[in-house]
Amino acid sequence: MSTVIARTVTRTVVPIILVTAVALLLQGHNLPGGGFIGGVLTVTAFALIYVIYGLDYLEEELLHQNRETIIESIQHGIVGNYQIAFGVGLAVAAVAGLVPILFGSNFLYQDFWVLHHLPIYGELHVASALAFDLGVYFVVVGALLTILAVVGSE
């Protein structure tokens, strides 16, 4: 049973961790950061929720999965979602590496596009490395949360 202080700190810190994770993910193609560290930070937020509230709270309250509809009783049903995130991330990272080959460039070649006349930003630079970083992000989140859920259910 967690204390009121631990639950209050968790409710305050988790959004800050998640915003920092997204910021690091988005700046990764130009500055230090990227998919790996963004994924690790996201998993720390979920791990904090798991430690303070438990895996059942994470499944039922945050992700709205009903325990009665889960067929597999050995593992939590949420593990399947984590494995899907891992697979999708791996596919996105692989495609991001292979697309430049279609255009006659090397594997994982990075390019960027400038989007003009955007309402808030004016100009926005979008790098192709962002797709690879997104893939790495989902691979890290899927893998680490699968490990956390499987080990935590033991």
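Residues numbered from 1 in each chain as written. Predicted model: local features only at pLDDT ≥ 70, side-chain atom pairs only at ≥ 80, totals over all residues. Heavy atoms only, no water.

Caption draft 1: Seen up close, the overall build of the chain. Each helix and strand in the chain was counted, giving 5 helices and 2 strands. Written out in order from the N terminus, the α and β elements of the chain read α-α-α-α-β-β-α. Within the chain, buried positions represent 31% of all 154 residues. Considering only contacts within the chain whose residues lie at least 6 apart along the sequence, 56% involve residues at least 24 apart. By element, 70% of the accessible surface of the chain is carried by carbon and sulfur atoms, the whole surface being about 9700 Å². (Helix = DSSP H or I, 4+ residues; strand = E, 2+ residues; numbered from the N terminus. Buried < 20%, exposed > 50% of the residue type's maximum accessible area, 1.4 Å probe, protein only. Contact = heavy atoms within 4.5 Å. Areas by Shrake-Rupley, 256 points an atom, 1.4 Å probe, with all protein chains shown as cover.)

Caption draft 2: Here's a closer look at the pairing of strand β2 (residues 122-127). Sheet topology places strand β1 (residues 112-118) next to β2; 6 bridges connect them, and they run antiparallel. Bridge assignment links W113 to a residue of β2, and that residue is V126. Connecting the antiparallel pair β1 and β2 is a turn made up of 3 residues. (Pairing = 2+ DSSP bridges.)

Caption draft 3: Just the packing of aromatic side chains, in detail. By the definition in use, this model includes 1 aromatic pair. Residues Y137 and F138 carry aromatic rings whose centres are separated by 5.3 Å and whose planes lie at 80° to one another, so their mutual orientation is edge-to-face. Owing to a relative accessible area of 12%, Y137 belongs among the buried residues under this scheme. Assessed through its relative accessible area of 35%, F138 is described here as partly exposed. (Phe/Tyr/Trp six-rings, centres within 6.5 Å; stacked < 30°, edge-to-face > 60°.)

Caption draft 4: Focus on the nonpolar core. If you look at the biggest cluster of nonpolar residues, it comprises 15 residues, and the most contacted ones within it are L55, L58, Y82, V141, L145 and A149. Put simply, the parts of the chain that give this core at least two residues each are α1 (4-27), α2 (35-53), α3 (55-62), α4 (78-102) and α5 (129-153). (Core = buried A, V, L, I, M, F, W, Y, C linked by side-chain atoms within 4.5 Å.)

Caption draft 5: The arrangement of the UniProt feature "transmembrane region" (unreviewed entry) in the chain in detail. Under the UniProt annotation, the feature "transmembrane region" (unreviewed entry) is placed at residues 12-29, 35-58, 79-104 and 124-151. Helix makes up 96% of residues 35-58 and strand makes up 0%, while its end C-alpha atoms are separated by 23 Å. Helix and strand shares over residues 124-151 are 82% and 14% respectively, and the end C-alpha atoms of the span are 42 Å apart. (UniProt positions renumbered as here; feature names shortened; annotations may be inferred.)

Caption draft 6: Structural view of α1. Helix length check: α1, at 24 residues, gives a terminal C-alpha distance of 35 Å against a target of 34 Å (1.5 Å per residue), a fit within 8%. Of all the bends in α1, the greatest, near 25°, is centred on V13, and the proline P15 appears no more than four residues after it. Of all the residues in α1, the buried ones are T10, V14, I17, A21, L24 and L25. (Expected span 1.5 Å × (residues − 1). Bend = angle between axes of the 7 residues up to and from the residue.)

Caption draft 7: Inspection of a nonpolar patch on the surface at higher detail. Side chains of I84, V88, V92, L134 and F138 sit close together on the surface and give an oily, nonpolar patch of about 390 Å² of accessible area. Put simply, the parts of the chain that give the nonpolar patch at least two residues each are α4 and α5. Top element by residues in the nonpolar patch is α4. It accounts for 3 residues. Topologically, V92 is positioned in helix α4. You can call V92 partly exposed: its relative accessible area is 32%. (Patch = residues over 30% accessible without salt bridge, like charges linked within 9 Å, V, L, I, M, F, W, Y side chains within 5 Å. Salt bridge = Lys/Arg side-chain N within 4 Å of Asp/Glu carboxyl O.)

Caption draft 8: Representation of the environment of T44 within the structure. Relative to the elements of secondary structure, T44 occurs in helix α2. Here the alpha-carbon distance between T44 and A21, two residues 23 residues apart in the chain, equals 9.9 Å. Separated by 2.5 Å, the side chain of T44 and the backbone oxygen of L41 make a polar contact. (Polar contact = N/O pair within 3.5 Å; in protein donor to acceptor, adjacent residues only side chain to side chain.)

Caption draft 9: Region of the structure containing the packing of α1 against α2. At a minimum axis distance of 8 Å, the contact between α1 and α2 shows a crossing angle of 165°. Our classification of the angle between α1 and α2 gives roughly antiparallel. In this structure, α1 crosses over α2, and the sense of that crossing is left-handed. Of the residues in α2, those in contact with A6, R7, T10, R11, V13, V14, I17, L18, T20, A21, L24 and L25 of α1 are G35, I37, G38, L41, T42, T44, A45, L48, I49, I52 and Y53. When its residues are assigned to classes, the contact of α1 with α2 shows 15 nonpolar, 6 polar and 2 charged. (Axes fitted to C-alpha atoms, helices over the stretch in contact; angles between N-to-C directions. Parallel < 35°, antiparallel > 145°, perpendicular 65-115°, else oblique. Left-handed = near helix turned anticlockwise from the far one by under 90°. Nonpolar A, V, L, I, M, F, W, Y, C, P; charged D, E, K, R; others polar.)

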